[in-house]
Amino acid sequence: MLKIGLTGGIGSGKSEASRRLAARGAVVIDADKIAREVVEPGTPGLARVVAVFGEEVLHPDGSLNREKLGSIVFADPDRLAALNAIVHPLVGERVAELQGRAAADAIVVYDVPLLAENKLAPMYDVVIVVDAPDEVRIRRLAEHRGMPEADAKARIAAQAGREDRLAVADIVIPNEGSLAELDDRVAEVWEELERRAARI
């Protein structure tokens, strides 16, 4: 099993790269998706979040109001740490469960937004960083998510800087161009991963 850590800052196109790797046969374990699952209504994770942050982080239907919670934690490092202390162990348990189901010779891609921030690079055989300049990321967040520029800048500032992410990369996927260019780069990266997997 070849374990790949895939990361990239918000708006870098990491999810697009992840989808393309999955289409080529990678087993993708998406930490963000799991982080959403562990705080769905009725879960112990959501109960813990409400205990710490209060009922105001819930929608009227009892689901988590991510925008409200985000506005609280991204403005306060201590509150962000409190949220991470709840969510990260739950995500870790689920990741271990999914990894256990993958074939012994699988190329497993862990889609991990905060890989650099949480110093997780040593956990993987290969770290791939999807990279784009901040101004490109801010534009994408505005165009694709309708995020105001100030919010986009705050989210980017709350994450590791480009230099920190690139410092842990074994492979970099530059992604400031078109999706066709991303397709080509991911195809090259996949060939490299298959070569590495064959050597294990």
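For the structure itself, look to the data block above.
Below is a summary of the structure that appears in this document.

Reading the values: the criteria
- Residues numbered from 1 in each chain as written.
- Predicted model: local features only at pLDDT ≥ 70, side-chain atom pairs only at ≥ 80, totals over all residues.
- Heavy atoms only, no water.
- Buried < 20%, exposed > 50% of the residue type's maximum accessible area, 1.4 Å probe, protein only.
- Helix = DSSP H or I, 4+ residues; strand = E, 2+ residues; numbered from the N terminus.
- Pairing = 2+ DSSP bridges.
- Salt bridge = Lys/Arg side-chain N within 4 Å of Asp/Glu carboxyl O.
- Phe/Tyr/Trp six-rings, centres within 6.5 Å; stacked < 30°, edge-to-face > 60°.
- Axes fitted to C-alpha atoms, helices over the stretch in contact; angles between N-to-C directions.
- Contact = heavy atoms within 4.5 Å.

For the rest of this paragraph, the subject is the pairing of strand S3 (residues 107-111). Taken across its five residues, S3 has five buried, putting it largely inside the fold. Burial of S3 is two-sided: the residues Ile107, Val109 and Asp111 facing one way and the residues Val108 and Tyr110 facing the other way are all buried. Taken together, the five bridges between strand S1 (residues 2-7) and S3 define a ladder with parallel strand orientation. Bridge pairing links leucine 2 to isoleucine 107 in S3.

The next point concerns the pattern of salt bridges. This structure, assessed with the given rule, holds 15 salt bridges. The shortest N-O distance in the salt bridge between glutamate 37 and lysine 33 comes to 3.7 Å. Remark: lysine 33 and glutamate 37 occur in helix H2 (residues 31-37); sequence separation between them is four residues, near one turn of the helix. Given the relative accessible area of 45%, lysine 33 is considered partly exposed. Arginine 94 serves as the salt-bridge partner of glutamate 97, at 2.7 Å between the closest nitrogen and oxygen. Of this pair, glutamate 97 and arginine 94 both sit in helix H5 (residues 77-101), three residues apart, roughly one helical turn. Looking at glutamate 97, the relative accessible area reads 40%, which means it is partly exposed.

Before going further, it helps to examine the packing of aromatic side chains. By the definition in use, this model includes one aromatic pair. Relative to tyrosine 124, the ring of tyrosine 110 lies with its centre 5.4 Å away and its plane at 45 degrees, an arrangement referred to as tilted. Placement of the pair is tyrosine 110 in strand S3 and tyrosine 124 in the loop between S3 and strand S4 (126-131), with a sequence separation of 14 residues. Note on accessibility: tyrosine 110 and tyrosine 124 belong to one class, buried.

This part takes up the sheet that holds strand S2 (residues 27-30). Taken in spatial order, the five strands line up as S2-S3-S1-S4-S5 in an open sheet, and their pairing is parallel. Each edge of the sheet is formed by a strand with only one pairing partner; in this case those strands are S2 and strand S5 (171-174). Ignoring which end each strand starts from, the neighbouring axes of this sheet average 20 degrees apart. Contacts from H5 reach S1, S2 and S3, with the element oriented near 170 degrees to S2. Of the strands in this sheet, S1, S3, S4 and S5 are in contact with helix H9 (residues 179-199), which crosses S5 at around 165 degrees.

If you trace the backbone, alanine 102 turns up in the loop between H5 and S3. Residue alanine 102 is classed as buried on the basis of its relative accessible area of 16%. Sequence-distant contacts of alanine 102, that is, excluding residues within four places in its chain, are made with Met1, Val27 and Val108.

Read these as spatial facts, not as claims about activity.
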